[in-house]
Amino acid sequence: MVAGFALALCNVALAAPSADEVVRGYGQLVYANYTDSVNAAKKMQAAIDAFLKAPSQAEMNTAKKAWLDAREFYGQTEAFRFYGGPIDDENGPEGQINAWPMDESYVDYVKGDSNSGFINNGKFNITREALVAQNERGGEENIATGWHAIEFLLWGQDLNDDGPGDRPYTDYVKGKGRNAERRAHYLREVTALLIHDLQTVQSAWAPATPDNFRAEFEKGGKESVRQILVGLGSLSRGELAGERLEVALFSQDQEDEHSCFSDNTHRDAVNNAQGILNVWTGTYKQASGALLKVPSLAEMVAAKAPNVAKETTQQIQKSVSAANQIQAPFDREIIGGTDAPGPQRIKATVASLVKQSTLIVESANAIGITRLTLTLP
């Protein structure tokens, strides 16, 4: 469908969407994606609850799969960041939702230290308020909440060269796992907090809600279009190409990969790139399988500069394709010299993302937006 859309840009739009129409469509797409993310997180919560009620390897595997499934939707929402929206303004919960990299010893035991972490500190009262207070306290890697805390509690440290972490399910069996009950309580609390935070962002984008963020954003016209473009350009260059790919490739350190415990970093990259494509083309494949189509930036730019719009669409598609070529486990993909296959695949993705970020700026200029402040690596 998206490839067909790229071809459609050859036919300069007969009726280009206005800035207001693009902004309203964006709000519709954002709300649909966050709704899918919330619902998938609730399915994960149900799987985690089932596992904690009757710990077994099979139930743990189901909970892990539910985490992986939920990340597919959340990863695409990263395209809605970087312009001070409800996810990451000064009061936004992004740091509680998706902060990384994580110092595992801040939460639970690690190799060489069986007493580390809040779970093994009986004086620490595990409550939502306490977890919020401790998240990133004293350092950015002191992460107590969010996707990656849950990931660590399900997989444990990744000490395997060829696969993810392998936390034993018995860590949650009373009488077998040290502090098993505290660990289970922590996992329940941090999962409930994640859903609360996701719902907070979802509600900020709810339709027909006076005075929420979406209601104000939809009044912003071209300024809101500028913010959308800032989000796409910043994720393209500064965050995805820079922080999430180049840093790990340069350091060749597992600690610098995004989802290091589950070895899901390759999918993080794909979904982040897909989120950019979703916003640019105004398309989103919902959890139901239905395709949402709204007035898009691509159509708006095509009315002014059809060749620029076409090239931008094609380049963003190339980035998604390049990210799909990155192989798991990511911590092996980053190893080797500059000519090794893994680093070559990552560098190709980075190069494509960098190029698309310049085309996003060019597209913005084509519609009269020249003041873009992008997050750089």
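Residues numbered from 1 in each chain as written. Predicted model: local features only at pLDDT ≥ 70, side-chain atom pairs only at ≥ 80, totals over all residues. Heavy atoms only, no water.

## Topic: the confidence of the model for the chain
What counts, and what does not: pLDDT is a residue-level measure of predictor confidence that goes from 0 to 100. We call two residues in contact when some of their heavy atoms are within 4.5 Å.
Looking at the chain, pLDDT values average 94 and 96% of them are 70 or higher. Here residues 1-14 scores under 50 on pLDDT; set against residues more than four positions off or in separate chains, the count is 27 contacts.

## Remarks on helix H10 (residues 265-281)
The cut-off we apply is this: A helix here means a DSSP run of H or I that spans at least four residues, while a strand means a run of E at least two residues long, and both kinds are numbered starting from the N terminus. Between the first and last residue of a helix there are one fewer steps than residues, each counted as 1.5 Å, and that sum is the expected span. Relative accessibility thresholds used throughout: buried, under 20% of the residue-type maximum; exposed, over 50%; partly exposed, between the two (1.4 Å probe, protein chains only).
For H10, built from 17 residues, the straight-helix expectation of 24 Å at 1.5 Å per residue is met to within 8% by its first-to-last C-alpha distance of 25 Å. Most of H10 is tucked away, with 15 of its 17 residues classed as buried. Remark: Gly 282 follows H10 within two positions and exhibits a positive phi of approximately 65 degrees.

## Overview of empty space enclosed by the protein
Spelled out, the test is: Definitions used for this entry: grid spacing 1 Å over protein atoms alone; cavity, a set of points where a 1.4 Å probe fits but cannot get out; pocket, an open set with protein on both sides within 12 Å along at least 5 of 7 lines; lining residue, one with an atom within 4 Å of a point. Grid points are joined across faces, edges and corners, and a volume is the space filled by probe spheres set on the points.
Enumeration over the complete set of coordinates arrives at one cavity of 30 Å³ or more. For the largest cavity, the calculated volume is near 60 Å³. Lining the largest cavity, in full, are Val 22, Gly 25, Tyr 26, Leu 29, Ile 228, Asn 278, Val 279, Gly 282, Val 294, Pro 295, Ser 296 and Leu 297. By residue number, the principal contributor to the lining of the largest cavity is helix H2 (residues 19-53), which donates four residues.

## Looking at the layout of surface pockets
In this approach, a probe sized like a water molecule rolls over the atoms, and the result shows the empty space that is left. Basically, it comes down to this: Throughout, the ten residues Ala, Val, Leu, Ile, Met, Phe, Trp, Tyr, Cys and Pro are labelled nonpolar, Asp, Glu, Lys and Arg are labelled charged, and all others, Gly among them, are labelled polar.
Its volume calculated, the largest pocket comes out at about 250 Å³. Only helix H4 (94-98) and helix H9 (222-251) provide two or more residues apiece to the lining of the largest pocket. Of the residues assigned to the lining of the largest pocket, the class counts are four nonpolar, one polar and six charged.

## Brief notes about the packing of aromatic side chains
Here is the rule: For this analysis, a ring pair means two rings from Phe, Tyr or Trp (six-membered ring only for Trp) whose centres lie within 6.5 Å, classed as stacked if their planes differ by under 30 degrees, edge-to-face if by over 60, and tilted for the remaining angles. By definition, being over a ring means that NZ of Lys or CZ of Arg is both within 6 Å of the ring centre and within 35 degrees of the ring normal.
Going through the model one piece at a time under the given rule, you end up with 15 aromatic pairs. Each ring, one from Trp 67 and one from Trp 155, has its centre 5.3 Å from the other, and the planes form 70 degrees; the classification is edge-to-face. Linking Trp 67 in helix H3 (residues 57-77) with Trp 155 in helix H6 (residues 147-155), this pair joins segments that are 88 residues apart in sequence. Here the aromatic residues Tyr 26, Tyr 34, Phe 80, Tyr 83, Trp 205, Phe 213 and Phe 217 are joined through ring pairs into a cluster of three or more. Over the ring of Phe 152 we find Arg 167; its NZ or CZ atom is 5.0 Å from the centre of that ring.

## Concerning the nonpolar core
Defined as follows: Residues enter a nonpolar core if they are buried and are Ala, Val, Leu, Ile, Met, Phe, Trp, Tyr or Cys, with the set joined through side-chain atoms within 4.5 Å.
By size, the foremost hydrophobic cluster in this structure holds 102 residues, and its most contacted members are Trp 147, Tyr 186 and Leu 229. At 16 residues, H2 tops the list of elements feeding residues into this core. Residue contacts for Leu 229: discarding those within four places in its chain leaves Trp 280, Leu 297, Ile 360, Ala 364, Ile 367, Ile 369, Leu 372 and Leu 374.

## Focus: the side chain of Asn 272
The cut-off we apply is this: Pairs of N or O atoms are called polar contacts if they sit within 3.5 Å, as long as, within protein, a hydrogen donor faces a hydrogen acceptor (for residues adjacent in sequence, only side-chain-to-side-chain pairs).
Inspection of the secondary structure puts Asn 272 in helix H10. Look at Asn 272 and you get buried, because its relative accessible area is 2%. A distance of 2.7 Å separates a polar atom in the side chain of Asn 272 from a polar atom in the side chain of Arg 244. Not counting residues up to four positions away in its chain, the partners in contact with Asn 272 are Gly 75, Glu 78, Leu 235, Leu 240 and Arg 244.

## A word on a negative patch on the surface
The test is simple: What goes into a patch is any residue over 30% in relative accessible area without a salt bridge, connected to like charges within 9 Å or, for nonpolar side chains (Val, Leu, Ile, Met, Phe, Trp, Tyr), within 5 Å. Residue exposure ignores everything except the shown protein chains as possible cover, and the areas themselves are Shrake-Rupley values with a 1.4 Å probe. Should a side-chain nitrogen of Lys or Arg be within 4 Å of a carboxyl oxygen of Asp or Glu, the pair is scored as a salt bridge. Charge assignment in this entry is limited to Lys and Arg as positive and Asp and Glu as negative, and neither His nor the chain termini are counted. Every charge is mapped onto a representative atom, which is NZ of Lys, CZ of Arg, CG of Asp or CD of Glu.
Together, Glu 136, Glu 140, Glu 141, Asp 253 and Glu 255 make up a region of like negative charge exposed at the surface. Structurally, the position occupied by Glu 136 is in the loop between helix H5 (128-134) and H6.

## Side note on the pattern of salt bridges
Pairing between side chains of opposite charge can happen when their charged atoms approach one another. In this structure the tally under the stated criterion is 20 salt bridges. A salt bridge links Asp 108 to Arg 167, with the shortest nitrogen-to-oxygen separation between them at 3.1 Å. Taken together, the positions of Asp 108 in the loop between H4 and H5 and Arg 167 in the loop between H6 and helix H7 (180-204) put the pair 59 residues apart, joining distant regions of the chain. Across the pair Asp 108 and Arg 183 runs a salt bridge, and its minimum N-O distance is 2.7 Å. Of the two residues, Asp 108 is situated in the loop between H4 and H5 and Arg 183 in helix H7; the sequence distance between them amounts to 75 residues. Here Asp 108 matches Arg 183 in class, with each residue buried. Counted as one network, the salt bridges with shared partners bring together Glu 78, Arg 81, Asp 88, Glu 94, Glu 239 and Arg 244.

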